[in-house]
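Spelled out from the first residue to the last, the chains are:
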Amino acid sequence: MKYWLMKSEPSVYGIDDLARDGVTGWEGVRNYQARNFMRDDMQLGDLALFYHSNANPPGVAGIMRVVREAYPDDTAEDEKSPYFDAKWVAAGKPNRWVRVDLELVEKFAQEVSLQALRADTKLAGLMVTRKGCRLSIQPVEKRHFLRICKLGQTCL
DNA sequence: GCCAACGTTGGC
DNA sequence: GCCAACGTTGGC
């Protein structure tokens, strides 16, 4: 069992959208490193922190679980999608992007802000607290994951 | 809106 | 293969 952090802008898709949907396909990841984590390392049952980026304030809003392992992200081949991989498709190359399906486990009673993550000495070294870190899917150490759950006042 | 970080693209 | 230009991410 592995632990992850996954970013999404709440103005695009936030935790309340996931609460409404129950399960969602994590589409639109267009970065090789993030894709490789999904494709190679993410397994059924893994838990992930739902991180709100570009938010006021940015922070962790809850917990998700992987309910389907990596499969093709067909938004890359959909010209109507904002995630359409136009140049790649025009070149006749096969779809290179994948997504996983996630279900909501719990929305935190209290969102844990980036500021709070940085202020917690037990979270030293957490990737998302590093200045300028743009990776949208990140592995998280178990002890860090559990600590963040505690800060979010969940019973997990 | 600004800007730092950093990934991608394309000329050579 | 180098590297400058450009585009995107994301905090502030």
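All figures in this text were calculated on a predicted structure; none of them were measured in a lab.

Thresholds applied
- Residues numbered from 1 in each chain as written.
- Chains lettered and ligands numbered in written order.
- Predicted model: local features only at pLDDT ≥ 70, side-chain atom pairs only at ≥ 80, totals over all residues.
- Heavy atoms only, no water.
- Near = heavy atom within 4 Å.
- Polar contact = N/O pair within 3.5 Å; in protein donor to acceptor, adjacent residues only side chain to side chain.
- Pairing = 2+ DSSP bridges.
- Helix = DSSP H or I, 4+ residues; strand = E, 2+ residues; numbered from the N terminus.
- Axes fitted to C-alpha atoms, helices over the stretch in contact; angles between N-to-C directions.
- Contact = heavy atoms within 4.5 Å.
- Buried < 20%, exposed > 50% of the residue type's maximum accessible area, 1.4 Å probe, protein only.

With respect to spatial proximity, the complete set of residues near DNA strand C consists of Lys7, Tyr51, Ser53, Asn54, Pro58, Leu114, Arg118, Cys133 and Arg134. Sugar and phosphate atoms form 71% of the subset of DNA strand C atoms that lie within 4 Å of the protein. Within the contact set of DNA strand C, a phosphate oxygen lies 3.0 Å away from a side-chain nitrogen or oxygen of Lys7. Tyr51 is positioned with one of its side-chain polar atoms (N or O) 2.6 Å from a phosphate oxygen of DNA strand C.

The strand order across the open sheet built from six strands is S2-S5-S4-S3-S1-S6, with neighbouring strands paired in mixed fashion. This sheet does not close on itself; its edge strands, each paired only once, are strand S2 (23-25) and strand S6 (137-139). Neighbouring strand axes in the sheet, compared pairwise and without regard to direction, differ in orientation by 35 degrees on average. By the bridge criterion, 10 bridges tie strand S4 (residues 59-72) to strand S5 (residues 98-113) in an arrangement that is antiparallel. Residue pairing across strands places Pro72 opposite Val98, the latter belonging to S5. Contacting strand S1 (3-8), S4, S5 and S6, helix H3 (residues 32-41) crosses the sheet at an angle of about 110 degrees to S5. Each of S1, strand S3 (47-52), S4 and S5 touches helix H6 (residues 142-151); the most contacted strand, S5, lies at about 50 degrees to it.

On to the pairing of S1. Of all six residues that make up S1, six are buried, and the element is covered over most of its length. Across the two faces of S1 the burial is the same, with Tyr3, Leu5 and Lys7 and Trp4, Met6 and Ser8 all buried. As defined by bridge partners, S1 adjoins S3 across six bridges and the pair is classed as parallel. The partner of Trp4 across the bridge, within S3, is Ala48. Pairing geometry for S1 and S6, over three bridges, is antiparallel. Among the inter-strand pairings, Met6 is bridged to a residue of S6, identified as Ile137.

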